[in-house]
Amino acid sequence: FPLQALILCLVLCTSCSVSSLKTKQFQLEELLISVDSFPPGWFFGSSGSGIDNARSIDSVGIGFYSDLYPETLACSQNVYRFRNEISAKKDYADEFEYRSRADTFISTDWMFISSVADESYFSCYSASNISFPVCTWFARYERIVVEFRCWLQQNRMAIKDMENIVIEIDEKAARLIIE
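Now for a description of the structure that goes with this document. (Residues numbered from 1 in each chain as written. Predicted model: local features only at pLDDT ≥ 70, side-chain atom pairs only at ≥ 80, totals over all residues. Heavy atoms only, no water.)

Focus on the overall build of the protein chain
- Helix and strand counts for the protein chain stand at 3 helices and 6 strands.
- Tracing the protein chain from N to C terminus, the helices and strands come up as α-β-β-β-α-β-β-β-α.
- Put simply, the protein chain has 179 residues, and 45% of those count as buried.
- Taking the intrachain contacts of the protein chain between residues at least 6 apart in sequence as the baseline, contacts between residues at least 24 apart amount to 61%. (Helix = DSSP H or I, 4+ residues; strand = E, 2+ residues; numbered from the N terminus. Buried < 20%, exposed > 50% of the residue type's maximum accessible area, 1.4 Å probe, protein only. Contact = heavy atoms within 4.5 Å.)

Describing the pairing of strand β6 (residues 144-151)
- A large share of β6 lies buried, amounting to 8 of its 8 residues.
- Where burial is concerned, the two faces of β6 agree: the one with I144, V146, F148 and C150 and the one with V145, E147, R149 and W151 are both buried.
- When strand β5 (residues 133-141) meets β6, the two strands line up antiparallel, connected through 8 bridges. Of the residues in β6, the one forming a bridge with F138 is E147.
- What sits between β5 and β6 in their antiparallel hairpin is a turn of 2 residues, with E142 showing a positive phi close to 55°. (Pairing = 2+ DSSP bridges.)

Here we look at the sheet that holds strand β1 (residues 42-48)
- Spatial strand order, β1-β2-β3-β6-β5-β4: 6 strands in an open sheet with antiparallel pairing. In the strand order of this sheet, the two ends are held by β1 and β4 (119-126), each with one partner. Neighbouring strand axes in the sheet, compared pairwise and without regard to direction, differ in orientation by 15° on average.
- Sitting on the sheet, helix α3 (residues 159-176) touches β3 (75-81), β4, β5 and β6, and the angle it makes with β5 is about 15°. (Axes fitted to C-alpha atoms, helices over the stretch in contact; angles between N-to-C directions.)

Digging into the state of the cysteines
- Across all of its chains, the model carries 2 disulfides by this definition.
- Shown here is the disulfide that connects C75 with C150, its sulfur atoms set 1.7 Å apart. Of this pair, C75 sits in strand β3 while C150 sits in strand β6, placing them 75 residues apart in sequence.
- Judged by relative accessible area, C75 falls into the buried class, the value being 0%.
- Between the sulfur of C124 and that of C135 lies a disulfide, 2.0 Å long from S to S. (Disulfide = S-S within 2.5 Å.)

Points about the pairing of β3
- With 7 of 7 residues buried, β3 lies mostly within the body of the structure.
- Going residue by residue along β3, you find C75, Q77, V79 and R81 tucked away on one face and S76, N78 and Y80 tucked away on the opposite face as well.
- Here strand β2 (residues 58-66) pairs with β3 via 7 bridges, running antiparallel. Across the sheet, residue G61 finds its bridge partner in β3, namely N78.

Description of the pattern of salt bridges
- Taken as a whole and judged by the stated rule, the model has 10 salt bridges.
- We note a salt bridge from E95 to R99, for which the minimum N-O separation is 3.3 Å. Within this pair, E95 and its partner R99 are both found in helix α2 (residues 85-102), separated by 4 residues, close to a single helical turn. Across the pair, exposure class does not vary: E95 and R99 are buried alike.
- For D118, the salt bridge goes to R140, with nearest N and O atoms at 3.3 Å. With a gap of 22 residues between them, D118 in the loop between α2 and β4 and R140 in strand β5 connect regions that are remote in the sequence.
- Ionic contacts of the salt-bridge type, sharing partners, join the residues E85, D118, E119 and R140 into one network. (Salt bridge = Lys/Arg side-chain N within 4 Å of Asp/Glu carboxyl O.)

As far as function goes, none of this settles anything; it's purely spatial.
Now the structure itself:
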């Protein structure tokens, strides 16, 4: 009887862990873009943990600056891996609630809609201290949340440039995350 119970427990535990981890295993760094994804005038700034590394069990982030504003990481990408999909959904909902209150507009020029993300959102705001919009795209892929934020600097980053970078991120996510 104890051996049968042990075998039953192993079978149940194994099936639980497999079903709760639909996402393929990979290094989060594989989801990051590089400076090659940017139009001319952009440079690599820094990389490391996501900007809010206490937010999830695993995170990575990367920042870029333009020759017009070399003192500021004007574009950044952060990737967060959560323990399970429920935690990722809650994080996405919290970010959505914040962005939908804080950001002031959604550009009508933005055309991209992910066909692989479970949820995604794009919005922009105008800060009083800079003369161009700051836009954010974020998406949830199962238990992964990806954010890309960028200053739309004249002659350096147009909405279409940002959209092309997001398409690249989404294509990487499709290859790495979705089975």
